[in-house]
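Architecture at a glance
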Amino acid sequence: MVRRFVRRLSRVRDLLAGRMDDALTEALVGQLEATKQGAWLAMAMIGGEVGRTGAHEQMRAIEHLGDTERARLVEELKDALVTPIDREDLFRLSRSIDDVLDSLRDFVRESHLYRVPEQIRFAPLLDQVIVGIEALESAVRDLASRPSGVVQDALEAKKAGGAVRRMYQYEIARIFSGELTAEAMKERELVRRLEIVGMAIGDAADAIADGTMKR
């Protein structure tokens, strides 16, 4: 209780001195860094640089890191006097980032379970996932340093999420054009996971853009 009171006093002092309260953006950046690690791990897995079992195990640690940063954001929101965008939009943004990481976790886990061969064909989708995550990270950093750039960053993230969804449609058309074997259905499940990632990136982009436009 005393520690929280002292922390609030410190924040009041910083705000009166004109310094931005950046604890919230730091927590969001931490979430995005963990999410980006998850995307790069998935890319390394499909490229054969990391084995499926190893990737599955490493993803657990990455997911824990993301959950820790999300919990930090929720805790910081309790004491925040001024937030860069509405609390509801910050929470929505954090939840959508969490959805991205959770779906990447599911992609890696199902790859480990299904053992689908030739997964390198998913590289273009994961490449756009990384582009989207990096654009979201730029948007979050711009909340404090360059608010005018947030909407453009969010638009770039939205485009990347949309690109993932379009590539998903082409992959589904390819899968359905052949014989619907058990292997084909496993492949469909994996590419569906990446479509969900693209949707969550779009949701996160909408959250930060909406919050910025309300300011």
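Residues numbered from 1 in each chain as written. Predicted model: local features only at pLDDT ≥ 70, side-chain atom pairs only at ≥ 80, totals over all residues. Heavy atoms only, no water.

Per its UniProt entry, the chain bears the Sequence similarities (unreviewed entry) comment "Belongs to the UPF0111 family." (UniProt positions renumbered as here; feature names shortened; annotations may be inferred.)

Within the chain, the secondary structure is distributed over seven helices and zero strands. Shown N-terminal to C-terminal, the secondary structure of the chain runs as helices and strands in the order α-α-α-α-α-α-α. Within the chain, the proportion of its 215 residues that are buried is 49%. Taking contacts inside the chain between residues at least 6 apart in sequence as the whole, the part at least 24 apart equals 82%. Put simply, the chain shows about 10,600 Å² of open surface, and 53% of that area lies on carbon and sulfur atoms. (Helix = DSSP H or I, 4+ residues; strand = E, 2+ residues; numbered from the N terminus. Buried < 20%, exposed > 50% of the residue type's maximum accessible area, 1.4 Å probe, protein only. Contact = heavy atoms within 4.5 Å. Areas by Shrake-Rupley, 256 points an atom, 1.4 Å probe, with all protein chains shown as cover.)

Together, Phe-176, Leu-180 and Met-185 make up a nonpolar patch on the protein surface, roughly 290 Å² of accessible area in all. Along the chain, Met-185 turns up in helix 7 (residues 182-214). (Patch = residues over 30% accessible without salt bridge, like charges linked within 9 Å, V, L, I, M, F, W, Y side chains within 5 Å. Salt bridge = Lys/Arg side-chain N within 4 Å of Asp/Glu carboxyl O.)

Next up on the list: the pattern of salt bridges. Following the criterion strictly, the structure yields 25 salt bridges and no others. Between Glu-137 and Lys-36 there is a salt bridge whose closest N-O contact spans 3.0 Å. Of the two residues, Glu-137 sits in helix 5 (residues 123-145) while Lys-36 sits in helix 2 (residues 23-46), which places them 101 residues apart along the sequence. Assigned by exposure class, Glu-137 and Lys-36 land together as buried. With a closest N to O distance of 3.6 Å, Arg-109 and Asp-106 form a salt bridge. Linking Arg-109 with Asp-106, this pair stays in helix 4 (residues 87-114), spanning three residues, or about one helical turn. The class of Asp-106 is buried, set by a relative accessible area of 12%.

Along the chain, Ala-182 falls in helix 7. In this structure, the C-alpha to C-alpha distance between Ala-182 and Tyr-114, residues 68 residues apart in sequence, is 10.0 Å.

Okay, the confidence of the model for the chain next. When pLDDT is averaged across the chain, the result is 88; 89% of the residues are at 70 or more. With pLDDT under 50 throughout, residues 4-20 is counted as low confidence; its partners more than four residues away or in other chains account for 21 contacts. (pLDDT = per-residue confidence, 0-100.)

This part takes up the side chain of Glu-171. Turning to its location among the elements, Glu-171 is positioned in helix 6 (residues 150-176). Among the polar contacts listed, one links the side chain of Glu-171 to the side chain of Arg-174, at a separation of 2.8 Å. Those residues in contact with Glu-171 that lie beyond four places of it in its chain are Arg-121, Leu-125, Glu-187 and Val-191. (Polar contact = N/O pair within 3.5 Å; in protein donor to acceptor, adjacent residues only side chain to side chain.)

Okay, the nonpolar core next. One finds Phe-107 and Ile-208 to be the most contacted residues of the largest nonpolar core, which totals 60 residues. Of all the secondary structure elements, the ones that give two or more residues to this core are helix 2, helix 3 (52-79), helix 4, helix 5, helix 6 and helix 7. What Phe-107 contacts, discounting residues up to four positions off in sequence, is Ala-42, Met-45, Ile-46, Phe-122, Leu-126, Leu-190, Arg-193 and Leu-194. (Core = buried A, V, L, I, M, F, W, Y, C linked by side-chain atoms within 4.5 Å.)

Axis separation between helix 4 and helix 5 bottoms out at 13 Å; the angle between their running directions is 155°. With respect to their mutual orientation, helix 4 and helix 5 come out roughly antiparallel. Where helix 4 crosses over helix 5, the two elements pack in a sense that is left-handed. Mapping the contact onto sequence places Leu-93, Val-100, Leu-104 and Phe-107 in helix 4 and Leu-126, Val-129, Ile-133 and Val-140 in helix 5. Split into classes, the residues belonging to the contact of helix 4 with helix 5 amount to eight nonpolar, no polar and no charged. (Axes fitted to C-alpha atoms, helices over the stretch in contact; angles between N-to-C directions. Parallel < 35°, antiparallel > 145°, perpendicular 65-115°, else oblique. Left-handed = near helix turned anticlockwise from the far one by under 90°. Nonpolar A, V, L, I, M, F, W, Y, C, P; charged D, E, K, R; others polar.)

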